[in-house]
Amino acid sequence: MRRTEVRFGIPLLAILAVLAAGCGTERAADTAGDGGSSRAAARTPSAPVDLPCPGESPAPTPTSSVPAPGSPSASATPPVDHYAENHGFMVPIPLHGERRCDGLAAADRIEAALEPLRERGDFAPESTRGVLTGLGYSAGKVQSYQNGPTGVSFLVDARPLCLEGTMNSGGTKVDAFAGYPDHTGCDRPSGGH
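Residues numbered from 1 in each chain as written. Predicted model: local features only at pLDDT ≥ 70, side-chain atom pairs only at ≥ 80, totals over all residues. Heavy atoms only, no water.

(A) Representation of the confidence of the model for the chain in the model. Overall, the prediction assigns the chain a mean pLDDT of 75, with 58% of residues at 70 or greater. This stretch, residues 25–42, has a pLDDT under 50; its non-local contacts, to residues over four places away or in other chains, come to seven contacts. Here residues 60–75 is a poorly scored stretch, pLDDT under 50, and it has four contacts once near neighbours within four places are set aside; other chains count. (pLDDT = per-residue confidence, 0-100. Contact = heavy atoms within 4.5 Å.)

Set out below in structure tokens:
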């Protein structure tokens, strides 16, 4: 009985070894028609591309801050600093695609609506909150705070958009984002991992 098991076991192991050796290999014929680029592109995640939104001009291409190879700063070892790593949970998630355009439109709408208050010098949190709820945002999702004698800060939870801004005698600034990592609200988390 043992001889029969051995006789059938050896060919089975040989077949499995041949199949395992072929796994994960790519033949030249697989990529001959496309130069290998489409297979590589399908495996490589890409960063989202943000096209200009209506009324927005294209952003300039950012310049690289990476030192040139061989320069003195290229060989210097950066200090080990885990601040960014440890505080990443407090960095807002950016908006991309259509949601980015929605966020920019909402920010512009809020800035325009708050401009009459700013021109009058009305920096009361209640007034700001009234304007924001007048735009259709739920009263339970709008927060406003006094920010010095001539300023107010506010936060609107309009998920999937979060809208945060300040208004003072110098102007109004509103930022739109998609929340925070490891957090379900639009308010900045005080702890995370």
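(B) Looking closely at helix α6 (residues 97–120). Look at α6: 36 Å from first C-alpha to last across 24 residues, which is about the 34 Å you get at 1.5 Å a residue. Of all the bends found along α6, the most pronounced is centred on L114 and spans about 35°, while P116, a proline, follows it within four residues. Every buried residue of α6 is listed here: R100, G103, A106, A107, I110, L114, L117 and R118. Looking at the buried residues of α6, the elements they touch are α7 (125–134), β2 (151–158), β3 (161–168) and β4 (171–177). Within two residues after α6, G121 carries a phi angle of roughly 80°, on the positive side. (Helix = DSSP H or I, 4+ residues; strand = E, 2+ residues; numbered from the N terminus. Expected span 1.5 Å × (residues − 1). Bend = angle between axes of the 7 residues up to and from the residue. Buried < 20%, exposed > 50% of the residue type's maximum accessible area, 1.4 Å probe, protein only.)

(C) Summary view of the pairing of β3. Relative to β3, β2 runs antiparallel, the two sharing eight bridges. Note on β3: the bridge partner recorded for V156 is L163. Hairpin remark: β2 followed by β3, antiparallel, with two residues in the connecting loop. Here β3 pairs with β4 via seven bridges, running antiparallel. (Pairing = 2+ DSSP bridges.)

(D) How the structure looks around the sheet that holds β4. Pairing is antiparallel across the open sheet formed by four strands, whose spatial order is β1-β2-β3-β4. In the strand order of this sheet, the two ends are held by β1 (142–146) and β4, each with one partner. Taking the axes of each pair of neighbouring strands and ignoring which way they run, one obtains an average angle of 15° across the sheet. Of the pairings in the sheet, the one linking β1 to β2 comprises five bridges and is antiparallel in character. Each bridged residue has a counterpart across the sheet, and for Y145 the counterpart in β2 is S153. On top of the sheet, α6 reaches β2, β3 and β4; it is set at about 30° to β3, its chief contact. The sheet strands contacting α7 are β1, β2 and β3, and the helix crosses β1 at an angle near 155°. (Axes fitted to C-alpha atoms, helices over the stretch in contact; angles between N-to-C directions.)

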